[in-house]
Amino acid sequence: QVQLVESGGGLVQAGGSLKLSCAASGRTFSTYTMGWFRQAPGKEREFVAAIAWSRGNTLYAPSMMGRFTISRDNAKSTVYLQMNSLKPEDTAVYYCAADRSTLPVGAAASYDYWGQGTQVTVSS
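All of these numbers come straight from a predicted model, not from anything done at the bench.

Peer 1: Where do I start with the overall build of the chain in this structure?
Peer 2: In terms of regular secondary structure, the chain is built from zero helices and eleven strands. Reading the helices (α) and strands (β) of the chain from amino to carboxyl end gives β-β-β-β-β-β-β-β-β-β-β. Taking 124 residues into account, the globule formula puts the C-alpha radius of gyration at 14 Å, and the chain, at 13 Å, falls close to it. Along the longest, intermediate and shortest principal axes, the C-alpha atoms of the chain span 40 × 25 × 25 Å. Of all 124 residues assigned to the chain, the portion counted as buried reaches 44%. Pairs at least 24 apart in sequence give 58% of the contacts found in the chain among residues at least 6 apart. Accessible area for the chain stands at about 6200 Å²; split by element, carbon and sulfur atoms hold 50% of it. Taken as two groups, the 11 positive and 8 negative side-chain charges of the chain have centres that lie 6 Å from each other.

Pasting the structure below:
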């Protein structure tokens, strides 16, 4: 069982930055692929980025590449999402998730555990 708690969301102006954190409980955090997803009002949940537990292989949604960076600290059981050059269309609830896959994947159905989400609002 893995429990996930996101933090770091908030209100930021367009062009600004935010760093989200996701703290995980459970002894086997280091063996899970971790992902970030987001969901805007009236839209489906959207893949943002994922990072594998070994070698740190990463996967990004094309629209996030170059602006967002996913990283993890297995010693702290925490995964991060650094978001730069934020745009109003990045406004959403951001969720972290854990997956037993050995490679990062972008399909939400692959993930076994989810956090409660943290709101990110980007003003124009």
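Following the structure, the description resumes.
Peer 1: Help me out: how do you make sense of the environment of Gly106 in this one?
Peer 2: Here Gly106 is to be found in the loop between strand 9 (92-99) and strand 10 (113-114). A relative accessible area of 32% means that Gly106 is categorised as partly exposed. It is 7.3 Å that separates the C-alpha atoms of Gly106 and Ala49, two residues lying 57 residues apart in sequence. Look past the residues within four positions of Gly106 in its chain and what remains in contact with it is Phe37, Phe47 and Leu59.

Peer 1: Explain the state of the cysteines to me, please; I cannot follow it from the model alone.
Peer 2: By definition, a disulfide links the sulfur atoms of two cysteines through a covalent bond. Counted by the stated rule, this structure contains one disulfide. Across the disulfide from Cys22 sits Cys96; the S-S distance is 1.9 Å. Pair noted here: Cys22 is in strand 3 (residues 18-25) and Cys96 is in strand 9, with a separation of 74 residues, a long-range link. With respect to class, Cys22 is no different from Cys96; both count as buried.

Peer 1: Can you help me understand the nonpolar core in this one?
Peer 2: Nonpolar side chains tend to gather and get buried jointly when the protein is soluble and globular. Ranked by size, the top nonpolar core spans 36 residues in total, and within it Leu4, Met34, Trp36, Leu81, Met83 and Tyr94 carry the most contacts. Contributing elements (two or more residues each) for this core: strand 3, strand 4 (33-39), strand 5 (46-51), strand 7 (68-73), strand 8 (78-83), strand 9 and strand 11 (118-123). When sequence neighbours within four positions are dropped, the list of residues in contact with Met34 reads Leu4, Cys22, Phe29, Ala49, Ala50, Ile51, Ile70, Arg72, Val79, Ala97, Ala98 and Tyr111.

Criteria and thresholds
Residues numbered from 1 in each chain as written. Predicted model: local features only at pLDDT ≥ 70, side-chain atom pairs only at ≥ 80, totals over all residues. Heavy atoms only, no water. Helix = DSSP H or I, 4+ residues; strand = E, 2+ residues; numbered from the N terminus. Rg over C-alpha atoms; globule rule 2.2 N^0.38 Å. Buried < 20%, exposed > 50% of the residue type's maximum accessible area, 1.4 Å probe, protein only. Contact = heavy atoms within 4.5 Å. Areas by Shrake-Rupley, 256 points an atom, 1.4 Å probe, with all protein chains shown as cover. Lys, Arg positive; Asp, Glu negative; His and termini not counted. Charge placed at Lys NZ, Arg CZ, Asp CG, Glu CD. Disulfide = S-S within 2.5 Å. Core = buried A, V, L, I, M, F, W, Y, C linked by side-chain atoms within 4.5 Å.

Interpretation note: all reported values are geometric properties and have no functional meaning in isolation.
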